[in-house]
Structures are given as structure tokens and as C-alpha cells.
Amino acid sequence: LETICGCTTLVVRNMTYGAAILKVIRQVTTPYIGTMDADGQHTARDIRRLLDYIRTHDNDMVIGARPHRGVGPRPMASHLLNLAASIVAGRHVPDLGCGARVFRRDMALELAPRLPEGFDFNAVLTTLALVRGYRVQWLDIPHRPRQQGKSHVRLWDGFRTLGSLSKVARWE
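Source: prediction; values computed, not measured.

Cut-off values and rules
- Residues numbered from 1 in each chain as written.
- Predicted model: local features only at pLDDT ≥ 70, side-chain atom pairs only at ≥ 80, totals over all residues.
- Heavy atoms only, no water.
- Helix = DSSP H or I, 4+ residues; strand = E, 2+ residues; numbered from the N terminus.
- Buried < 20%, exposed > 50% of the residue type's maximum accessible area, 1.4 Å probe, protein only.
- Contact = heavy atoms within 4.5 Å.
- Areas by Shrake-Rupley, 256 points an atom, 1.4 Å probe, with all protein chains shown as cover.
- pLDDT = per-residue confidence, 0-100.
- Patch = residues over 30% accessible without salt bridge, like charges linked within 9 Å, V, L, I, M, F, W, Y side chains within 5 Å.
- Salt bridge = Lys/Arg side-chain N within 4 Å of Asp/Glu carboxyl O.
- Pairing = 2+ DSSP bridges.
- Axes fitted to C-alpha atoms, helices over the stretch in contact; angles between N-to-C directions.
- Phe/Tyr/Trp six-rings, centres within 6.5 Å; stacked < 30°, edge-to-face > 60°.
- Lys NZ or Arg CZ within 6 Å of the ring centre and 35° of its normal.

A few words on the overall build of the protein chain. Across its full length, the protein chain holds seven helices and four strands. Scanning the protein chain from its N terminus toward the C terminus, one meets helices and strands in the order α-α-β-α-β-α-β-α-α-β-α. With 172 residues in all, the protein chain has 44% of them scored as buried. Sequence-distant contacts in the protein chain: of pairs separated by 6 or more residues, those separated by 24 or more amount to 77%. Approximately 9,500 Å² of the protein chain is accessible, and the part contributed by carbon and sulfur atoms is 55%.

Here you go:
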């Protein structure tokens with residue numbers, strides 16, 4: 001990542017997904033923060049493309065949009081969460097859960113008090129940013145097979161995310 005993006009890589013261990021990202025948001029001083037999952041589905045080149053886009057366009061957050069990812073319970077659940085976020089945000093949300101994203105640190109700091117520390121972090125960050133009028137854009141990126149590990153996302157996480165999205169609707 002350092003070579004391709006000119007970025008500093010921070011690895012935060014032994015924390016929940018959202019707590020780790022919130023820690024980075026509060027500690028770094030750079031204007032942009034990029035995230036990607038560690039399972040190998042995204043590469044530094046994906047982050048570089050998102051970073052280049054946010055720097056050259058008037059956006060506050062740029063998120064990877066993965067192409068159709070097959071059929072089954074996981075893609076169906078993802079589609080339902082995208083639909084729920086679209087309803088709350090009043091705008092089409094093509095991919096709520098993609099871990100490859102770049103966003104402005106100042107935006108994230110403003111939203112931080114409302115952001116959860118769990119798996120639902122990306123869903124709330126994205127939906128809350130849209131509801132608050134931030135400029136969010138999706139760019140198509142490749143969806144590669146998982147290179148390592150297995151998903152820790154469970155059915156309960158989907159229900160928790162739906163609950164978090166309903167909170168966003170009530171806050172605004």
C-alpha cells in the first residue's frame with residue numbers, strides 16, 4: 001500500500017471493526033482515510049483508484065461497488081441492506097458493505113459520535129453521510145475471491161445493521 005498509494009498503513013488488532021476504524025479516524029492527521037478488508041478481496045490498486053477519484057472530484061466519500069456476487073443468503077442479505085439504506089437515505093445505495101472506501105477525515109470526525117463500533121460501522125457511516133448531505137460516490141471495482149480467512153459476519157449482524165439504519169432514520 002505504501003508503494004502504490006503513498007499511504008501509511010495502520011493495522012489495528014484485537015478491536016471490533018468499527019472501533020478500529022474510529023481509532024484511526026481520531027489518531028491520524030491526513031485529510032483522507034482509506035480502508036480495505038484484510039481478506040484479499042481488494043488490493044492497494046483499488047484503494048489508489050478510489051483515492052485518486054476523491055482527490056480529483058468533489059466528493060466526501062468514494063466506495064467500491066462490487067459487481068453481482070452470485071446468489072444465496074449472503075448476496076440476498078446484502079441486497080436487502082442496500083435497499084434499506086436507499087430508503088433511509090432517499091438515494092440508491094449500490095453497495096453498502098464494501099470494505100474498500102476512501103473518505104474525508106473531517107467528515108468522519110463530524111459523524112464519529114454517531115458511528116457504531118461493530119460490523120455495522122460502514123452501513124451507518126455511508127447512510128448517515130448521505131442523509132446529512134455529504135457527497136458519496138461509488139466506483140466499480142473487481143470482486144476477487146477471498147484469499148484468506150473466513151467471514152465473521154453472521155445473520156445477527158444483518159439484523160443489528162437494520163436496527164442501526166432505523167436509528168439513522170430517527171436521528172435525522
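That was the structure; now back to the text.
So, on to the confidence of the model for the protein chain. Of the residues in the protein chain, 86% reach a pLDDT of 70 or more, and the chain-wide mean stands at 88. When mean pLDDT is taken per element in the protein chain, helix 5 (residues 105-111) scores highest with 98 and helix 1 (residues 2-5) scores lowest with 58.

The next thing to look at is the side chain of S164. Here S164 lies in helix 7 (residues 155-171). What makes S164 buried here is its relative accessible area of 9%. Every residue in contact with S164, bar those within four places of it in the chain, is listed here: D120 and V124.

Moving on, we get to a nonpolar patch on the surface. On the surface, M76, L80, L83 and I87 cluster together into a nonpolar patch covering about 440 Å² of accessible area. For I87, the position within the fold is in helix 4 (residues 73-89). A relative accessible area of 64% means that I87 is categorised as exposed.

Let us now look at helix 6 (residues 121-131). Buried residues dominate helix 6, accounting for 10 of its 11 residues. Within helix 6, burial applies to F121, N122, A123, V124, L125, T126, T127, L128, A129 and L130. At the C-terminal side of helix 6, G133 shows a positive phi close to 90°.

Right, let's get into the sheet that holds strand 2 (residues 61-65). Taking strand neighbours across the sheet as the criterion, the four strands line up as 1-3-2-4 in an open arrangement whose pairing is mixed. What marks the edges here is a single partner per strand, and that holds for strand 1 (32-35) and strand 4 (136-140). The mean inter-strand angle of the sheet, taken between neighbouring strand axes irrespective of direction, is 20°. The sheet contact formed by strand 2 and strand 3 (residues 101-104) spans three bridges and is antiparallel. Bridge pairing in strand 3 links M61 to F103.

Here the focus is the packing of aromatic side chains. The description of an aromatic ring pair rests on the distance of the ring centres and on the angle between the ring planes. Using the criterion set out here, one finds zero aromatic pairs in the structure. Directly above the aromatic system of W171 lies the positively charged group of R114, at a separation of 4.5 Å from the ring centroid.

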